[in-house]
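Residues per chain are reported as follows:
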Number of protein chains: 2
Amino acid sequence: MNKLYVVGLGPGSFDGMTQKAHAAILASDVIVGYTVYIDLIRAHFPDKEYRSTPMRKEVDRVRLALELAASGKTVAMVCSGDAGVYGMSGLTEELLSEYPGVALETVPGVSAVLSGAAILGAPLMHDFAVISLSDLLTPWEKIEKRLLAAAEADFVICLYNPSSHKRRDYLKRACELVLRFASPKTVCGIARNIGREGEETRVLTLEELKDTEVDMFSTVFIGNSETKVINGRMVTPRGYLYE
Amino acid sequence: MNKLYVVGLGPGSFDGMTQKAHAAILASDVIVGYTVYIDLIRAHFPDKEYRSTPMRKEVDRVRLALELAASGKTVAMVCSGDAGVYGMSGLTEELLSEYPGVALETVPGVSAVLSGAAILGAPLMHDFAVISLSDLLTPWEKIEKRLLAAAEADFVICLYNPSSHKRRDYLKRACELVLRFASPKTVCGIARNIGREGEETRVLTLEELKDTEVDMFSTVFIGNSETKVINGRMVTPRGYLYE
């Protein structure tokens, strides 16, 4: 059977990968991915064939992986975090039928909403919404609507792609929308370079976050009305202590 | 340093655990957890001390883990999925200051929103909301408000704790709320026994989901307006094909 694994590597470091992800890469002949993720694993699996493609060439990358699998190779297409969260797994499912005989298996990984939460404290705990601020594939009006809805219903909010060169003020705009419903004192957090060199966290208020610049290696968390700072960590209590 | 790891084991099977989780358990003297999760790992780490506590005794379990760590042992408190998603990490952060000298590290795991998505296809891909239907620690009115907000803003919705003996009709009520904004033909999915024996998936419409009974081993996904069925799998396209 011609096999394609779509593998989420988890946060930056090698040990954030699941054992199943490790086994899928070991079982593969060829590893396909964006250059940065390939470099994360190459040293650990030196005897594999590697095929890297540039950023933003998602369709080419998926087709390359599918073509290699259709030609009889066992292929692992790797990405950081989880392939199902703003990743490659949807596109692969869409194109799969053009490559008969290829069996697809998605191996989930720890996405930044989970790994970022773990280094900040326990910001999720309760119901939460994950929203990408990138308007490359989603109209800004839809992102705006989701930010307002999540804030009004008191979700904890996790923001992916909070910034880029072209979207410097998007985080500020997102905070202004959330501030229509949330207190300026709402506890927020930034997790940067999760699981990689230079890993750092910052806990701040929503008012402060509005005027903070973050980079594309950051994941942003906006607490709900119950989120607190405990010993410098961002924690949303779930209510066990008050049973 | 007295150390407590709060470890998410990922989906049911041993290989869904990250290598970091594996290392944390290996480094620990005592493993604390709910009986079912202890049984998942005992055979793999036979020479550890195990302390299990019953379900619903969350405060006791966290205090036991903190006491053992304060006494000088290295402790791993384990749970399924991720400890930061409706898990034990918030409570541990809250109680930590009562046990001076204990260092806490949360090791994230693959939560059911990610592992369930992977076996169903690629239902998330876009912005999504995670909502628990358990009203044990959250008033139903708040859950209702969040369901309505998520549906109105066209989030993909993932439901944790969709059913229990006492809450047999909650999934039906949730679907009725979502139906105020979403089409009855909205694509939905059920992932059951993820990563364990008896793993199964079902793809169905929102109308059908409303009249379906699920058990407590199930995670439910409600697609957004763009979610499709492709080769029997639940897929929310992200738009790459239309660039």
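Just so it is clear, the model here is predicted, and its values are computed rather than measured. (Residues numbered from 1 in each chain as written. Chains lettered and ligands numbered in written order. Predicted model: local features only at pLDDT ≥ 70, side-chain atom pairs only at ≥ 80, totals over all residues. Heavy atoms only, no water.)

**Overview of the pattern of salt bridges**
Within this structure, the stated rule accounts for 33 salt bridges over all chains. Between D215 of chain B and R192 of chain B there is a salt bridge, and its shortest N-O distance comes to 2.7 Å. Of this pair, D215 of chain B sits in the loop between α8 (206–210) and β11 (218–222) while R192 of chain B sits in strand β9 (residues 187–192), placing them 23 residues apart in sequence. Residue classification places D215 of chain B among the partly exposed positions, given a relative accessible area of 24%. For R192 of chain B, a relative accessible area of 26% translates into the label partly exposed. The network of salt bridges with shared partners includes D127, D154 and E226 of chain A together with K142 and R146 of chain B. (Salt bridge = Lys/Arg side-chain N within 4 Å of Asp/Glu carboxyl O. Helix = DSSP H or I, 4+ residues; strand = E, 2+ residues; numbered from the N terminus. Buried < 20%, exposed > 50% of the residue type's maximum accessible area, 1.4 Å probe, protein only.)

**A few points about the side chain of S115 of chain B**
Relative to the elements of secondary structure, S115 of chain B occurs in helix α5 (residues 112–120). With relative accessibility at 4%, the residue S115 of chain B sits in the buried group. With residues near it in sequence (within four places) discarded, S115 of chain B still touches P108 of chain A together with P11, V110 and I194 of chain B. (Contact = heavy atoms within 4.5 Å.)

**Some details on the sheet that holds strand β6 (residues 121–122) of chain A**
All names here are of chain A. One open sheet holds the 3 strands; their spatial order is β6-β13-β12, and the pairing between them is mixed. Taken across any chain shown, the strands that pair with only one partner, and hence form the sheet edges, are β6 and β12 (228–230). Pairing between β6 and strand β13 (residues 233–235): 2 bridges, direction parallel. The partner of A122 across the bridge, within β13, is V235. (Pairing = 2+ DSSP bridges.)

**Examining the relation of the copies chain B and chain A**
With an RMSD of 0.0 Å, chain B superimposes on chain A once it is rotated by 180° and translated 0.0 Å along the axis. Such a combination of turn and shift is consistent with a two-fold rotation axis. Most of the interface of chain B is mirrored in chain A, where 100% of its interface residues again form contacts. (Least-squares fit on C-alpha atoms with pLDDT ≥ 70 in both.)

**Things to note about the environment of E213 of chain B**
Residues and elements named next belong to chain B. Examined against the element boundaries, E213 turns out to sit in the loop between α8 and β11. On a C-alpha basis, the gap between E213 and D169 in space is 8.3 Å, while along the polypeptide they are 44 residues apart. Side chain to side chain, E213 and R168 meet in a polar contact 3.2 Å long. (Polar contact = N/O pair within 3.5 Å; in protein donor to acceptor, adjacent residues only side chain to side chain.)

**Observations concerning the sheet that holds strand β3 (residues 49–53) of chain A**
Residues and elements named next belong to chain A. In space, the 5 strands of this open sheet follow the order β3-β2-β4-β1-β5, with parallel pairing throughout. Single-partner strands in this sheet number two, and they are β3 and β5 (102–107). For this sheet, the mean inter-axis angle between neighbouring strands, taken without regard to orientation, is 20°. Against the sheet, helix α1 (residues 19–27) contacts β1 (2–8), β2 (30–34), β4 (75–79) and β5, and its axis sits at roughly 140° relative to β1. Packing of helix α3 (residues 58–70) onto the sheet brings it into contact with β1, β2, β3, β4 and β5, and relative to β2 it is tilted by some 175°. (Axes fitted to C-alpha atoms, helices over the stretch in contact; angles between N-to-C directions.)

**Details of the pairing of strand β9 (residues 187–192) of chain A**
All names here are of chain A. The element β9 is largely enclosed, with a buried count of 5 among its 6 residues. Sheet analysis places β9 next to strand β10 (residues 200–205), joined by 6 bridges and oriented antiparallel. Across the sheet, the residue bridging to R192 is E200, located in β10. Judged from the 5 bridges that link them, β9 and strand β11 (residues 218–222) form a sheet pairing that is antiparallel. If you follow G189 over to β11, its bridge partner there is F221.

**Re the nonpolar core**
Grouped together as the largest cluster of nonpolar side chains are 58 residues, with contacts concentrated most on L159 and L209 of chain A together with L159 and L209 of chain B. Once you skip the residues sitting within four places of it in the chain, L209 of chain B turns out to touch L171, C175, C188, I190, L204, V220 and I222 of chain B. Counting residues in hydrophobic clusters, the runner-up holds 40 residues, among them L124 and V187 of chain A together with V110 and I119 of chain B. (Core = buried A, V, L, I, M, F, W, Y, C linked by side-chain atoms within 4.5 Å.)

**Notes on the interface of chain B and chain A**
Listed by partner, the interface residues are 70 residues for chain B and 70 residues for chain A. Interface of chain B and chain A: buried area, both sides summed, is about 6,100 Å²; carbon and sulfur atoms make up 58% of it. With a shortest N-O distance of 2.9 Å, R146 of chain A and D127 of chain B are connected by a salt bridge. Here the residues of the side of chain B that touches chain A are counted per class, giving 31 nonpolar, 22 polar and 17 charged. Bridge count between strand β7 (residues 128–132) of chain A and strand β7 (residues 128–132) of chain B: 3 bridges; the pairing is antiparallel. Within β7 of chain B, the residue paired with V130 of chain A across the bridge is F128 of chain B. (Buried area = accessible area lost by both parts, 1.4 Å probe. Nonpolar A, V, L, I, M, F, W, Y, C, P; charged D, E, K, R; others polar.)

Honestly, it's all geometry; don't read function into it.
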